[in-house]
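Spelled out, the chains give:
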Amino acid sequence: MSEQAPLKLDEAELRGLLDGRWANVRERARDVIRGEEFAPVYGLSVEEHRARTLKQLMALNGTGMPAYGFPESVGGADDVGASVVAFEMLVADMSLMVKMGVQFGLFGGAVKALGTDEHHQRYLPDIMSVELPGCFAMTETGHGSDVQSLGTTATYDPDTEEFVVRTPDEHARKDYIGNAARDGRMAVVFAQLRTPDGDGGLVEHGVHALMVPIRDGEGRPMPGVTIEDCGHKAGLNGVDNGRLWFDDVRVPRTDLLNRYGDVAADGTYSSPIENPNRRFFTMLGTLIRGRISVAGGAGSATKAALAIAVRYADTRRQFTRPATDSQPEQEVRILDYLAHQRKLLPALARTYGLHFAQEELVTRLHELSRSEERDEHAQRELESRAAGLKAVATWHATETIQTCREACGGAGYLSENRIPQLKADSDIFTTFEGDNTVLLQQLTKGLLTNFKDSFGDLDQLGLAKFMAGKVFETVIERTAAIPLIDRLIDASPGRGEEASLYNRGWQLELLEDREKHIIEGLAGRLRRSRKDGSDAFDVFNQAQDHVLAAGRAHMDRVVLEAFVAGIDRCGDKPTAKLLNRLCDLYVLSVIEEDRAWFLEHERLSTARAKAVTQAVNDLCQGLRPYAVQLVEAFGLRDEWLAAPIALGAEQRRQGE
């Protein structure tokens, strides 16, 4: 790559581009999440942290943030996209971020999505004001990701017009439930709904959700409800996770959240969706906001860690550069070392790409939430994309925050410098709202054409049975900016050696080709195994490495397309040029990471693979002068970062 001329970055343009459609929500958060009440703290006891987080949650009432995602009919703003963006902005204390997500996103969101207007009027105003703190009681000890197999039961009693909610065994206890251990008074409980069949038996209707009181006004457990504290965690100790058991707890028939399934007074069950599997996945699909929010929250933690590490690396000096004719002897800033640039700058480039991909996902969620007609294909596509992005964004957060900790040396290990808390608080993001490995498998299933309209089981056995005898095809579906992506690929010189490594069309086509090849290989592998008469479960189980590779390849392409579309929206040419260099670093570092695949499958020659590594080096060095500006564009307030090493302590130590 030739010597690059310096660029004049338009910081306002870049901030506006990153703030995106909901810039007003981000600015509002910057204005109101201020002062001692919201400042990052460390060293609190569990009880102190929980009390502080509840107080912070209550303080959000005056900001308008709790109302974003709720209907106008109950005083909300009916802006789902704004609710996700507001969640992302609470990086000053991620316990508050998660507590807000539990109260307004999961608990309130379930009432909104699964309840009717009667439930909305009865519950949502008090949920928004936190007069009714609540829980989202889905996860069970024995059934974490396998929601369809939950063990809790809700059996209808027509004599009293009540549901009897029961925990039949220890496998079915509700586990890791936010707000349960201390503050929650009511829970949305997911349970297997059962009604009498008229002959002394029961009819199973699958998983439904009910409103179940768990504490009285004095904070005591309700009769039949047992509550246990999960105890101290590695992070997020401001969130009171607990366990719940129900011993024949009775709730009125009208507390069934009955948008997708209702029980009449006489016990007759009805639903607007006849197919039970389709009904289950439709209900689950309405709760997708939580998964999308987790991806965004992970992104915020990543940005905060990078902002701290990059600022520190720009000021910290280590080892002496010998004097030359033009330069005196001096210690070197560690960000001037290529090895340090390679630690931080490819991660920064990927963070930008994931930011644009998250923005697209939130926009799609928002648009579908406002659509009068339910688009099944679009909804399934949203769910698949949310599964994939949540997985790659949270894995990226875990890896990058650890890299930032190491990049800051011993200073990065000090609690006062925030990175240890960001690491501890965000680590669980890889697990909750769906285990990442399971989510990536879910995404890959959607990439095989014949699964697109299936509402079959998500478990491996159900999937393997469905696969039997089917024809597998692959389909590459573009994401945003389809005409732009098509135009770039059409203009590319192909995948040959003559194409410039920096040609965007070549890059797009290369990642698209890898994805298609991996998915076609997976389909062929499954097909061959079934023809050999292998056990259906074993077939899929033995292909899981291939399944996960397909999901990762798909998301690499999706993120690149989102990055390209984001740059296309930039109105300032020098800023767009800089973002193009950052995008080059993202895609070429992805290719470098997987160069073994590209070499094995003859997509790159040995010489070309070496050229990719050299290009990554060149890009890191070329982007180094802009690194601080690129992290400052995230718009995270200094008081949210609250790390002395990022706020001038190192300069003062050096006497600068």
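All figures in this text were calculated on a predicted structure; none of them were measured in a lab.

Honestly, the nonpolar core in this entry has me stumped. Any pointers?
A general trend in soluble globular proteins is that nonpolar side chains are found buried together. Among the nonpolar cores identified, the biggest contains 179 residues, and Phe190, Tyr352, Leu588 and Ile591 are the most heavily contacted of them. The greatest single-element share of this core, amounting to 14 residues, is contributed by helix H8 (residues 289-315). If you look at the next biggest cluster of nonpolar residues, it comprises 23 residues, including Cys135, Val189, Val212 and Val249.

Can you walk me through the pairing of strand E8 (residues 242-246) in this structure?
Look at any regular strand and the pattern is simple: side chains alternate between the two faces of the sheet. Among the five residues that make up E8, five are buried, leaving the element largely enclosed by the rest of the structure. Here E8 shows two buried faces, one formed by Gly242, Leu244 and Phe246 and the other by Arg243 and Trp245. Both strand E4 (residues 174-177) and E8 contribute to a ladder of two bridges, which runs antiparallel. Paired with isoleucine 177 across the strands is glycine 242, a residue of E8. With five bridges connecting them, strand E7 (residues 225-229) and E8 associate as antiparallel partners. Within E8, the position partnered with valine 225 by the bridge is phenylalanine 246.

Looking at this structure, I do not really get helix H1 (residues 11-19). What am I missing?
The periodicity of an α-helix, 3.6 residues per turn, causes residues three or four positions apart to be oriented the same way. Taken residue by residue, H1 has Leu14, Leu17, Leu18 and Asp19 as its buried positions. Against helix H2 (23-32), helix H9 (338-370), helix H17 (544-568), helix H18 (573-593) and helix H21 (627-632) lie the buried residues of H1. Between the side-chain oxygen at the start of H1 and the backbone nitrogen of alanine 12 there is a gap of 3.2 Å, and the oxygen is on aspartate 10.

Any chance you could explain the packing of aromatic side chains here in plain terms?
Each aromatic ring pair is characterised by the separation of its centres together with the angle its planes make. Under the definition given, this model contains eight aromatic pairs. Relative to tyrosine 586, the ring of phenylalanine 563 lies with its centre 6.5 Å away and its plane at 40 degrees, an arrangement referred to as tilted. Pair noted here: phenylalanine 563 is in helix H17 and tyrosine 586 is in helix H18, with a separation of 23 residues, a long-range link. By the burial criterion, phenylalanine 563 is buried, and tyrosine 586 matches it. Clustering of aromatic rings is evident, with ring pairs tying together Phe356, Phe563 and Tyr586.

How each quantity is defined
- Residues numbered from 1 in each chain as written.
- Predicted model: local features only at pLDDT ≥ 70, side-chain atom pairs only at ≥ 80, totals over all residues.
- Heavy atoms only, no water.
- Core = buried A, V, L, I, M, F, W, Y, C linked by side-chain atoms within 4.5 Å.
- Buried < 20%, exposed > 50% of the residue type's maximum accessible area, 1.4 Å probe, protein only.
- Helix = DSSP H or I, 4+ residues; strand = E, 2+ residues; numbered from the N terminus.
- Pairing = 2+ DSSP bridges.
- Contact = heavy atoms within 4.5 Å.
- Polar contact = N/O pair within 3.5 Å; in protein donor to acceptor, adjacent residues only side chain to side chain.
- Phe/Tyr/Trp six-rings, centres within 6.5 Å; stacked < 30°, edge-to-face > 60°.

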